[in-house]
Amino acid sequence: MKHTSDHYAKKARDEGYPARSVYKLEEMQAKYRIVKKGDRVLDIGSAPGSWSLFALKQAGPGGRVVGVDPAEMKLDSRNTAAFRFICGDIFSEEVAETISGMGPYTAVLSDAAPSTTGDRIVDTARSYELAARVFELAVTVLDEGGNLVIKIFQGGDERTLYRRMEDEFSRVKAFKPRASKKASMEIYYIGIGFMGKNDRCRPGWD
């Protein structure tokens with residue numbers, strides 16, 4: 001069946017998600033089981049909230065999701081007990097310390113993208129820089145055995161990031177969701193089974 005962007009946008013509205021991007025994560029979840037029951041998830045670039053909502057449903061009772069974004073966002077009040085939102089720059093010292101203090105996480109998700117200019121060389125370079133910083137943060141907050149999803153634009157230095165991920169994860173996969181727009185340069189790198197270990201306390205929610 002051929003899906004159009006309008007199909008996914010309508011489906012998102014019908015199912016109560018704020019954006020069509022949720023179906024990209026849904027495809028990855030079906031194939032790689034990134035988020036498991038009871039998981040502690042960090043969602044980087046979480047606004048407007050579709051990935052956080054989906055992650056909450058996958059983590060289920062006992063699961064927790066922390067969303068971070070410079071833009072404000074709110075989720076349905078029924079989810080607030082298991083969700084924390086931090087408005088700010090994930091790479092600022094203050095926000096990074098807060099995030100780290102709530103870890104470690106069993107999954108880190110990032111659908112974040114840089115501001116684009118229309119110049120492919122500039123845009124792919126910005127995407128690599130952003131994705132590399134997400135990766136560097138993720139390996140400091142992921143629990144042993146945890147999973148990572150990072151969006152990056154194709155056509156630049158994305159293979160460099162792929163090789164860096166291979167050093168840290170048992171398996172690394174490149175995935176282009178059917179829900180991605182045909183003209184999009186985006187691809188997702190999925191790291192399965194983080195081989196490092198972060199000895200942090202479990203997050204406090206009170």
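Residues numbered from 1 in each chain as written. Predicted model: local features only at pLDDT ≥ 70, side-chain atom pairs only at ≥ 80, totals over all residues. Heavy atoms only, no water.

### Section: helix α6 (residues 158–166)
As a reminder, the rule being used: Only protein chains enter the area calculation, which uses a 1.4 Å probe; residues under 20% of their type maximum are buried, those over 50% are exposed, and those in between are partly exposed. Secondary structure counts use DSSP, requiring at least four H or I residues in a row for a helix and at least two E residues in a row for a strand, with both numbered from the N terminus. Directions drawn from the helix axis to the C-beta atoms are what define this arc. Two residues form a contact once any of their heavy atoms are found within 4.5 Å.
The set of residues buried in α6 consists of E158, L161, Y162 and M165. Along the axis of α6, the buried positions cluster into a sector of 105 degrees, meaning they face one direction only. Check the buried side of α6 and you find it contacts α5 (120–141), β5 (142–153), β6 (169–175) and β7 (186–194).

### Regarding the sheet that holds strand β1 (residues 40–44)
Applied cut-off: In short, DSSP must find at least two bridges between two strands for them to pair. For helices, the axis comes from a line fit to the C-alpha atoms of the stretch in contact; other axes are also lines fit to C-alpha atoms, and the angle between any two N-to-C directions lies between 0 and 180 degrees.
The sheet built from seven strands is open, its strands ordered β3-β2-β1-β4-β5-β7-β6 with mixed pairing. The sheet is open, and its two edges are formed by β3 (83–87) and β6, each paired on a single side. Neighbour to neighbour, the strand axes of the sheet diverge by 15 degrees on average, direction disregarded. Pairing analysis gives six bridges linking β5 to β7, with the strands arranged antiparallel.

### Focus on helix α2 (residues 22–32)
Counting buried residues in α2 gives eight out of 11 residues, a clear majority hidden from the surface. Within the sequence span of α2, burial applies to V22, Y23, K24, L25, E27, M28, Q29 and Y32.

### Let's talk about the packing of α5 against α6
When two helices pack together, you describe them by how their axes are tilted relative to each other and by the distance separating the axes. What counts, and what does not: Convention used here: angles under 35 degrees read as roughly parallel, angles over 145 as roughly antiparallel, angles from 65 to 115 as roughly perpendicular, and any remaining angle as oblique. Residues are grouped as follows: Ala, Val, Leu, Ile, Met, Phe, Trp, Tyr, Cys and Pro are nonpolar; Asp, Glu, Lys and Arg are charged; every other residue, Gly included, is polar.
One can describe the packing of α5 onto α6 by two numbers: an axis separation of 10 Å at closest approach and a directional angle of 10 degrees. As judged from the angle between their axes, α5 and α6 are roughly parallel. Between α5 and α6, the residues in contact are Y128, A131, A132, F135 and E136 and E158, T160, L161, R164 and M165, respectively. Its residues assigned to classes, the contact of α5 with α6 shows six nonpolar, one polar and three charged.

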